[in-house]
Amino acid sequence: MNSVRLRVEGLSKRFRSHGVEVTALEGIHMEIRDQEFATILGPSGCGKSTLLRILAGLSRPTAGVARLDGRVIEGPGKDRGMVFQNYTLFPWLTVMENIQFGLRLSGRERTDCEAVARGFVQKIGLSGFERAYPRSLSGGMKQRVAIARALANDPNILLLDEPFGALDTQTRSLMQELLLQIWEELHKTILFVTHDVEEAVFLSDRIFVMTARPGRIKAVLEVPLARPRDYQVKASSEFLRIKTEVSRLIREESIRALTSSMMEPCSQEG
Ligand code: ADP
Ligand code: MG
């Protein structure tokens, strides 16, 4: 059993907007093991991004703590790599420059940074696009660069918030396989957020299913599918069995979210 890398203890988050208090997260406990591929799965609005932003150090919890390798998370740090759904590359930098950005900031030799970046360009299959600017790349290519940029700093954990959410089904499927390949090669610890059941089952060692607002951990499921996995596993009876089980849990929460939002006449959420 691998040691624990990320430990979340009693994390809660309340927002106050227009005089209304919203409890986004309540009493979240979780432990992510070293080199694990863990997924947080939950219906829209259940607090997934809020949780990831706290872990990234971009937002402070109202209660509780999160520790990475024993250290309390109090702000952003190079020990965590982030990838968001919306493409967040620097538009004025090329693919190579984007990937090297963090390394250059940390003061490493230029040639050293370039070598690392070139390695990642290859891993993400973008050889030939080193000098391209983000505007000339497809959505899938941009996310590949974003993943490479996050990994180039050699973080202790990679945090991904619905990184493939804006991609078409085919591209999404290819990106899932690419991410698994990179994960198997680099032995990184990954915490991946999604609302897509199939994506969660395909990628994960364990799935943390969240409740509708306020977000709590409803269930933790092991995914015993063999690795390495490719897209064909999605058609196996074992995959479908797990998918059905997880879908049932998520469906309960989606229905709960829908009915509770219908009970809120002044809800301002879209
Ligand atoms: P998810 O990522 O699961 O869709 P979010 O974490 O974005 O959910 O949001 C969880 C809840 O917290 C939602 O009700 C959302 O409206 C609320 N929320 C998120 N960020 C803020 C904020 N900055 N101010 C007020 N409410 C917020
Ligand atoms: Mg979100």
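Reading the values: the criteria
- Residues numbered from 1 in each chain as written.
- Chains lettered and ligands numbered in written order.
- Predicted model: local features only at pLDDT ≥ 70, side-chain atom pairs only at ≥ 80, totals over all residues.
- Heavy atoms only, no water.
- Pairing = 2+ DSSP bridges.
- Helix = DSSP H or I, 4+ residues; strand = E, 2+ residues; numbered from the N terminus.
- Axes fitted to C-alpha atoms, helices over the stretch in contact; angles between N-to-C directions.
- Contact = heavy atoms within 4.5 Å.
- Parallel < 35°, antiparallel > 145°, perpendicular 65-115°, else oblique.
- Left-handed = near helix turned anticlockwise from the far one by under 90°.
- Expected span 1.5 Å × (residues − 1).
- Buried < 20%, exposed > 50% of the residue type's maximum accessible area, 1.4 Å probe, protein only.

Visitor: What is the right way to look at the sheet that holds strand S9 (residues 206–210) in this model?
Guide: Adjacent strands of a sheet pair through backbone hydrogen bonds, lying either parallel or antiparallel. The mixed open sheet is built from 6 strands, whose spatial order is S6-S7-S8-S3-S9-S10. In the strand order of this sheet, the two ends are held by strand S6 (80–83) and strand S10 (217–222), each with one partner. Within the sheet, the average angular offset between the axes of one strand and its neighbour, ignoring direction, is 15°. Packing against the sheet, helix H1 (residues 48–56) makes contact with strand S3 (37–41), S6, strand S7 (157–161), strand S8 (189–194) and S9, and its axis sits at approximately 150° to S7. In this fold helix H7 (residues 237–262) packs onto S3, S9 and S10, with an angle of close to 170° to the strand it touches most, S10.

Visitor: Just to check I follow, could you spell out the packing of helix H2 (residues 95–105) against helix H4 (residues 139–152) for this structure?
Guide: Relative orientation and spacing of two packed helices are given, respectively, by the angle between their axes and the distance between those axes. Contact geometry for H2 and H4: axes closest at 7 Å, N-to-C directions at 25°. With respect to each other, H2 and H4 are oriented roughly parallel. Remark: the crossing between H2 and H4 carries right-handed chirality. Seen from H2, the contacting residues are Val-95, Asn-98, Ile-99 and Leu-103; seen from H4, they are Val-145, Ala-148, Arg-149 and Ala-152.

Visitor: Which parts of the structure should I look at to understand H4?
Guide: Spacing of three or four residues puts side chains on the same side of an α-helix, whose turn is 3.6 residues. In this model, H4 (14 residues) spans 20 Å end to end at C-alpha, consistent with the 20 Å of a helix rising 1.5 Å per residue. Burial within H4 is extensive, with 12 of its 14 residues counted as buried. Residues of H4 that are buried include every one of Gly-140, Met-141, Lys-142, Gln-143, Val-145, Ala-146, Ile-147, Ala-148, Arg-149, Ala-150, Leu-151 and Ala-152, and no others. Each element contacted by the buried residues of H4 is listed here: S6, H2, helix H3 (110–123), S7 and helix H5 (169–186). The positive-phi residue at the C-terminal boundary of H4 is Asp-154, with phi of around 55°.

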